[in-house]
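# Topology and contacts: notes
The chain contents come next:
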There are 2 protein chains.
Amino acid sequence: MNKNSIDTIVLIGAGNVATHMAAAFKNTGRKILQVYSRSEISARQLAESIGVPWCCDLKNIIQTADLYIISVTDSVIEIIAKELRVSGGMVVHTSGFEPMSTIKDVSENFGVFYPLQTFSKNKSVDFLTIPVCIEANNEDNLKLLEDLARSFTTDVRYINSEKRKIIHLAAVFTSNFTNAMYAVAEEILLNADIPFDILKPLIRETADKIMQLNPAEAQTGPARRMDVETMREHISMLENGNHRELYEKISSLIQKKYQ
Amino acid sequence: MNKNSIDTIVLIGAGNVATHMAAAFKNTGRKILQVYSRSEISARQLAESIGVPWCCDLKNIIQTADLYIISVTDSVIEIIAKELRVSGGMVVHTSGFEPMSTIKDVSENFGVFYPLQTFSKNKSVDFLTIPVCIEANNEDNLKLLEDLARSFTTDVRYINSEKRKIIHLAAVFTSNFTNAMYAVAEEILLNADIPFDILKPLIRETADKIMQLNPAEAQTGPARRMDVETMREHISMLENGNHRELYEKISSLIQKKYQ
């Protein structure tokens, strides 16, 4: 790339990550030139919401953009990398899991732009504090990605593919599995006609606490106190066998830490 | 009880819950008369921090308080209930797990005052939105507890012992087990020299999201997407066998929901 800033962007993918990033980029004054998705519905929906053209064929991708952001399910990145070719512009993917090398043949300029956050439909996100993990095939491209990231967040980190994969794994425990705990709690409550909202202040405080304390200091509960009687009764109260197993496994993990 | 308000309180217990509640009560203008703990160090520490007398012998408990709050480890409530006798004042415990009947012989006025929150040392808590689950042996006492609770929170709920136990179990998943997920993530990161703070915005957003979306809508991640390849690789990356098992169990729980 000869330019020293990223001004124009093509979004390849129209899912949760692409949708939220489109909003963040628009706020920084960058121009999104086009949205691509295999699915016409998704491509059109995102493209129309931000007022840009869309396409469903990688052959029709505009060739003049400064940056192409591949933001699709991990397993599809490789498929796209086989088909997509761009002349000069930089290509990045946004996956925590896939190595940078997956897209090395798409362009001579490539990298990774991984926003470490959970994105869902119907929930806006504050980009200002999102850690963005960047990696690029050379220093100049890294600098370009850094400038782009700094335009909407204060937290930009150089992370290579190996470390990024570890962060992604830790994020699965922190976010996806935490949400699975909420789901179990909801099921337990709904079976007894108790509204889930009673847990919301607790959920908020549990997350808040970890901003100040480390997980070992923040741990409370029967397993932490080695309260065997309560644990035994809890297990007997659980009607779902998977929930019972989970209760036992996680409690034993906590107990091992405090033995 | 003949009085129509709770003005004076004796705290039986000096742990995290008692300490945080003492602060909340003081802000409402109630008078704490005394702190009891089996441990002299704990009793003295809390009592001195709020400027009241303390004792380590249940025989020396002041008999004129309006309310006695037993805030000790679940298994100790029964032991205290056997020894403690008060004449007239109301006695409550603060446990989510123990039934109200555990303390029925301590006084003719008794109940439960369960603040649904996680309390740790060195972390203050906003009481204003904490759900307080109350139960009492008669309507008058229930009203007294409701007034007390309403003096510091907007969320007071009548919950009987059976439902409270279910809420407590759901809270273990929501809070204690969520914190255990943070601990696993921290261990994974520290092994690779990556600072845990990179996950903090994600932790906050995961909790934030559940204020607006239900757990099913909020779920993201490889298991949600049935991304078998990523899951397989994640499992192979986990060095700790307990973490591997946990990853498999929770992923399979998520997958079952979305099959």
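Residues numbered from 1 in each chain as written. Chains lettered and ligands numbered in written order. Predicted model: local features only at pLDDT ≥ 70, side-chain atom pairs only at ≥ 80, totals over all residues. Heavy atoms only, no water.

## Remarks on the side chain of Asn-141 of chain B
Put simply, the rule reads: Each helix is a run of DSSP H or I of at least 4 residues and each strand a run of E of at least 2, with the numbering of both proceeding from the N terminus. Nitrogen and oxygen atoms within 3.5 Å of one another constitute a polar contact, given that in protein one can donate a hydrogen and the other can accept it, and given that sequence-neighbouring residues count only through two side-chain atoms.
Along the chain, Asn-141 of chain B falls in helix α4 (residues 139-150). Side-chain polar atoms of Asn-141 of chain B contact the side chain of Asn-137 of chain B, separated by 2.7 Å.

## What about helix α5 (residues 161-190) of chain A?
Every α-helical turn comprises 3.6 residues, leaving residues that sit three or four positions apart pointing alike. All names here are of chain A. Heads up, the condition is: A helix is expected to span 1.5 Å for every residue after the first. Bend at a given residue is defined as the angle between two axes, one fitted to the seven residues that end at that position and one fitted to the seven that begin there. Exposure categories follow from relative accessible area, calculated using a 1.4 Å probe and restricted to protein chains: below 20% of the type maximum is buried, above 50% is exposed, and the middle band is partly exposed.
For α5, which comprises 30 residues, the first-to-last C-alpha distance of 42 Å matches the rise-based estimate of 44 Å (1.5 Å per residue) to within 8%. The largest bend along α5 reaches roughly 30 degrees and is located at Val-172. Counting buried positions along α5 yields 25 of 30 residues, so the element is predominantly enclosed.

## Side note on the packing of helix α8 (residues 228-237) of chain B against helix α9 (residues 241-258) of chain B
Residues and elements named next belong to chain B. The condition is simple: Helix axes are fitted to C-alpha atoms over the stretch in contact, other axes to C-alpha atoms as well, and angles between N-to-C directions run from 0 to 180 degrees. Should an angle fall under 35 degrees it is taken as roughly parallel, and over 145 as roughly antiparallel, whereas 65 to 115 is taken as roughly perpendicular and any remaining angle as oblique. The crossing is said to be left-handed when, going from far helix to near helix, the turn is anticlockwise and less than a right angle, and right-handed when the turn is clockwise. Whether two residues touch is decided by their heavy atoms; if any such pair falls within 4.5 Å, the residues are in contact. Just so you know the grouping, Ala, Val, Leu, Ile, Met, Phe, Trp, Tyr, Cys and Pro go in nonpolar, Asp, Glu, Lys and Arg go in charged, and all remaining residues, Gly too, go in polar.
Closest axis-to-axis distance for the α8/α9 pair is 9 Å, and the angle between their directions is 160 degrees. Of the possible angle classes, the one that applies to α8 and α9 is roughly antiparallel. Of the two possible hands of crossing, α8 and α9 adopt the one that is right-handed. Between α8, through Thr-230, Met-231, His-234 and Ile-235, and α9, the contact on the second element is made entirely by Arg-244, Tyr-247, Glu-248, Ser-251 and Gln-255. Looking at the contact of α8 with α9, its residues break down into 3 nonpolar, 4 polar and 2 charged.

## As for the confidence of the model for chain A
Let me state the cut-off plainly: Note: pLDDT gives the predictor's confidence per residue, expressed from 0 to 100.
When pLDDT is averaged across chain A, the result is 95; 99% of the residues are at 70 or more. In the model output, the complex is listed with pTM 0.93 alongside ipTM 0.94.

## Examining the domain arrangement of chain A
Residues and elements named next belong to chain A. We count it as follows: Note that the domain bounds were set by an automatic or database domain assignment. Computed with a 1.4 Å rolling probe, the buried area is the accessible surface lost when two parts are put together, summed over both parts.
Split into domains, chain A comes out as domain 1 (8-159) and domain 2 (165-258). Measuring from the centre of the C-alpha atoms in domain 1 to the corresponding centre in domain 2 gives 35 Å. Looking at the side of domain 1 facing domain 2, the largest losses of area belong to Gly-96, Phe-97 and Tyr-114, adding up to 57% of the total buried there. In terms of residue class, the side of domain 1 that touches domain 2 is made up of 4 nonpolar, 2 polar and no charged.

## So, the nonpolar core
Under the convention used in this document: For our purposes a nonpolar core is just a set of buried Ala, Val, Leu, Ile, Met, Phe, Trp, Tyr and Cys residues, chained together by side-chain atoms within 4.5 Å.
If you look at the biggest cluster of nonpolar residues, it comprises 123 residues, and the most contacted ones within it are Ile-12, Phe-173 and Leu-199 of chain A together with Ile-12, Phe-173 and Leu-199 of chain B. If we ignore the near neighbours within four places in the chain, the residues touching Phe-173 of chain B are Met-181, Val-184, Ala-185, Ile-188, Leu-238, His-243, Leu-246 and Tyr-247 of chain A together with Thr-178 of chain B.

## Overview of the relation of the copies chain B and chain A
Let me state the cut-off plainly: Least squares is the method for superposing the copies, and the C-alpha atoms it fits come from residues with pLDDT of at least 70 in both.
Between chain B and chain A, the superposition needs a rotation of 180 degrees and an axial shift of 0.0 Å, giving an RMSD of 0.0 Å. Expressed as an axis order, the relation between the two copies is that of a two-fold axis. Identified as the residue of chain B closest to the rotation axis by C-alpha distance is Thr-178 of chain B, at 2.6 Å. An overlap of 100% is found between the interface residues of chain B and their copies at the interface of chain A, pointing to a shared contact surface.

## Quick notes on the pattern of salt bridges
Definition in use: Every case where a carboxyl oxygen of Asp or Glu lies within 4 Å of a side-chain nitrogen of Lys or Arg is listed as a salt bridge.
Taken as a whole and assessed by the stated rule, the structure comprises 28 salt bridges over all chains. Asp-105 of chain A is paired through a salt bridge with Lys-104 of chain A; the nearest N and O atoms lie 3.7 Å apart. Residue class for Asp-105 of chain A comes out exposed when judged on its relative accessible area of 52%. Close ionic contact of Glu-205 of chain A with Lys-123 of chain B constitutes a salt bridge, the shortest N to O distance being 3.3 Å. On the criterion of chain membership, the pair formed by Glu-205 of chain A in helix α6 (residues 200-212) and Lys-123 of chain B in the loop between β6 (109-115) and β7 (132-136) is interchain, its members lying in two chains. Here Glu-205 of chain A falls in the buried class, since its relative accessible area comes to 7%. Within the structure, one salt-bridge network assembled from shared partners comprises Asp-74 of chain A together with Arg-225 and Asp-227 of chain B.

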